[in-house]
Amino acid sequence: MRVAFVGKGGSGKTTLSALFARHLARAGAPVLAIDGDINQHLAEALSPGTSPGSSPGTEPVTAPPLAAHLTELKDFLRGTNPRIASPEAMIKTTPPGRGSRLLRLLGDDEVHARHVVRAGDVPLMATGEFEESDLGVACYHSKLGAVELYLNHLVDGPGEYVVVDMTAGADAFASGLFTRFDLTFLVAEPTRKGVSVYRQYRDHAREFGIRLAVIGNKISGEDDLLFLKEEVGDDLLTHLVHSPAVRAAEQGRAQGELEPHNVHAMQVLREAVDAHPRDWPTLHRHAVDFHLRNATAWGDRATGLNLAAQVDPDYVPGPTSQP
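Residues numbered from 1 in each chain as written. Predicted model: local features only at pLDDT ≥ 70, side-chain atom pairs only at ≥ 80, totals over all residues. Heavy atoms only, no water.

1. A few points about the overall build of the protein
In step 1: A tally of regular secondary structure across the protein gives ten helices and eight strands.
In step 2: Taking all 323 residues of the protein together, the buried fraction comes to 56%.
In step 3: Of the roughly 13900 Å² that the protein leaves accessible, carbon and sulfur atoms contribute 51%. (Helix = DSSP H or I, 4+ residues; strand = E, 2+ residues; numbered from the N terminus. Buried < 20%, exposed > 50% of the residue type's maximum accessible area, 1.4 Å probe, protein only. Areas by Shrake-Rupley, 256 points an atom, 1.4 Å probe, with all protein chains shown as cover.)

Structural data, given as structure tokens:
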């Protein structure tokens, strides 16, 4: 099951991404965290010494960025698919077809072997930072394309989890990546600015049938909770209260266990994710639709190809697909 954490910058989405991934890992669930934010802080939030329940003093790990090896990733994923002649013919939205290499979560393949590191209790993969050479010539969505390709070719099952810390604000809607998730958690502070991003996400999510749930964060009293309930209604799934444990972790001090209310909130998140089994045909249809949109908008022109021909009719990846 795939989960995205989104929200206004500073809302706490990276912290909650880390808390949820660690909650799953400590429960024994197979989980992979992916840092898909332009500000790469998820490793720090997950690493020992910066997360609740860990020992202080350890530097966060660095995951070899997916985006830095995009050509190799494309070449591996296209496999023997006759519809994709070369890595250069593959764009970020290219869906899998017969002959494509499909990935199992944390499987024995070169993608996971090269790009996954352990950050505390959690396997971590990272998109990569926005570099100086990108200034004025590229946008961060070109890097997020590596995550989109990875998820397009991933066959994950019930009880397996991918937790992605996304870019801040409504920027994720600039690509089809927002359709790759089973549930999107929007982290909202109890402020007008905090709920403004929610409204943008809500409208786009409804248009495409994307499941969205709001997590209230930094709640300090009943007034905060009432404000969020009035602003987001039934989309409010749960909330976290002020956490001395999280604050201590963020300051690099020794910390205790997460507070009982916040532990319960993590359990509520997992139950919400597990409540709706994946609809593979719908997930793949979204992938194909956005591929055709990108082909028409820029892909055909950029590659000199008819990228619609990359779509394999009647093919739908799923648990019975061969990797």
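2. A look at unusual backbone geometry
In step 1: The backbone phi angle of L106 is positive, close to 55 degrees, even though this residue is not glycine.
In step 2: Tracing the backbone shows L106 in the loop between helix 3 (70-78) and helix 4 (110-115).
In step 3: Positive phi, normally seen in glycine, also occurs at K218, with a value near 60 degrees.
In step 4: Looking at the secondary structure, you find K218 in strand 7 (residues 212-219).

3. Describing the packing of helix 6 (residues 192-208) against helix 7 (residues 222-232)
In step 1: At a minimum axis separation of 11 Å, helix 6 and helix 7 run at an interaxial angle of 30 degrees. By the criterion of interaxial angle, the relationship of helix 6 to helix 7 is roughly parallel. Judged by the sense of rotation from one axis to the other, the crossing of helix 6 with helix 7 is right-handed. From helix 6, R192, V195, Y198 and R199 reach across to helix 7, where they touch F227, L228, E231 and V232.
In step 2: Among the residues forming the contact of helix 6 with helix 7, the class breakdown is five nonpolar, no polar and three charged. (Axes fitted to C-alpha atoms, helices over the stretch in contact; angles between N-to-C directions. Parallel < 35°, antiparallel > 145°, perpendicular 65-115°, else oblique. Left-handed = near helix turned anticlockwise from the far one by under 90°. Contact = heavy atoms within 4.5 Å. Nonpolar A, V, L, I, M, F, W, Y, C, P; charged D, E, K, R; others polar.)

4. A word on the nonpolar core
In step 1: Core analysis: the largest hydrophobic core is formed by 44 residues, its most contacted members being I34, Y150, L151 and L186.
In step 2: Beyond its immediate stretch of four places on either side in the chain, L151 contacts R2, V162, L177, R180 and F181.
In step 3: Among the nonpolar cores identified, the runner-up in size contains 38 residues, and A45, L124, Y161 and A272 belong to it. (Core = buried A, V, L, I, M, F, W, Y, C linked by side-chain atoms within 4.5 Å.)

5. Considerations on the sheet that holds strand 6 (residues 183-188)
In step 1: The sheet built from eight strands is open, its strands ordered 3-4-2-5-1-6-7-8 with mixed pairing. A strand with exactly one partner marks an edge of an open sheet, and here the two such strands are strand 3 (117-119) and strand 8 (236-241). Put simply, the sheet's adjacent strands are angled 30 degrees from each other on average, direction ignored.
In step 2: Sheet analysis places strand 2 (residues 31-35) next to strand 4 (residues 122-126), joined by three bridges and oriented parallel. Paired with A33 across the two strands is L124, which belongs to strand 4. (Pairing = 2+ DSSP bridges.)

6. Points about the side chain of R202
In step 1: Here R202 is to be found in helix 6.
In step 2: Only 3.2 Å separates the side chain of R202 from the side chain of D203, close enough to count as a polar contact.
In step 3: Aside from chain neighbours lying at most four places away, what touches R202 is L212 and D235. (Polar contact = N/O pair within 3.5 Å; in protein donor to acceptor, adjacent residues only side chain to side chain.)

7. Re the pattern of salt bridges
In step 1: With the rule as written, the count across this model stands at 14 salt bridges.
In step 2: The residue K8 makes a salt bridge to E189 at a minimum N-O spacing of 3.1 Å. You can see K8 sitting in the loop between strand 1 (2-7) and helix 1 (13-26) and its partner E189 sitting in the loop between strand 6 and helix 6, a full 181 residues away along the chain.
In step 3: Look at K8 and you get partly exposed, because its relative accessible area is 22%.
In step 4: R278 is the partner of D182 in a salt bridge, and the nearest nitrogen-oxygen pair spans 2.6 Å. Residue D182 is found in the loop between strand 5 (161-165) and strand 6, and its partner R278 is found in the loop between helix 9 (260-274) and helix 10 (280-303); the two are separated by 96 residues along the sequence.
In step 5: Ionic contacts of the salt-bridge type, sharing partners, join the residues R2, D156, D182 and R278 into one network. (Salt bridge = Lys/Arg side-chain N within 4 Å of Asp/Glu carboxyl O.)

8. Remarks on the packing of aromatic side chains
In step 1: Taken as a whole, this structure holds six aromatic pairs when the rule is applied.
In step 2: On the numbers, 5.4 Å between centres and 70 degrees between planes, the contact of F178 with F208 is edge-to-face. With F178 in the loop between strand 5 and strand 6 and F208 in helix 6, this residue pair connects regions lying 30 residues apart in the sequence. This pair shows no difference in class: F178 is buried, exactly as F208 is.
In step 3: Members of the aromatic cluster, joined through ring pairs, are F5, F20 and F185.
In step 4: Between R101 and the ring centre of F76, over which it is positioned, the NZ or CZ distance is 4.7 Å.
In step 5: Over the aromatic face of F290 sits the side chain of R293, whose NZ or CZ is 5.0 Å from the ring centroid. (Phe/Tyr/Trp six-rings, centres within 6.5 Å; stacked < 30°, edge-to-face > 60°. Lys NZ or Arg CZ within 6 Å of the ring centre and 35° of its normal.)

9. Some remarks on the pairing of strand 2
In step 1: Buried residues dominate strand 2, accounting for five of its five residues.
In step 2: When strand 2 meets strand 5, the two strands line up parallel, connected through five bridges. The residue bridging D35 from the neighbouring strand is D165, located in strand 5.

10. Some details on the confidence of the model for the protein
In step 1: Taken as a whole, the protein shows an average pLDDT of 88; of its residues, 89% reach a score of 70 or greater.
In step 2: pLDDT under 50 marks residues 50-57. Its contacts with residues more than four places away, or in other chains, come to 30 contacts.
In step 3: Contacts of residues 133-140 to residues separated by more than four positions or lying in other chains number 14 contacts, the stretch itself having pLDDT below 50. (pLDDT = per-residue confidence, 0-100.)

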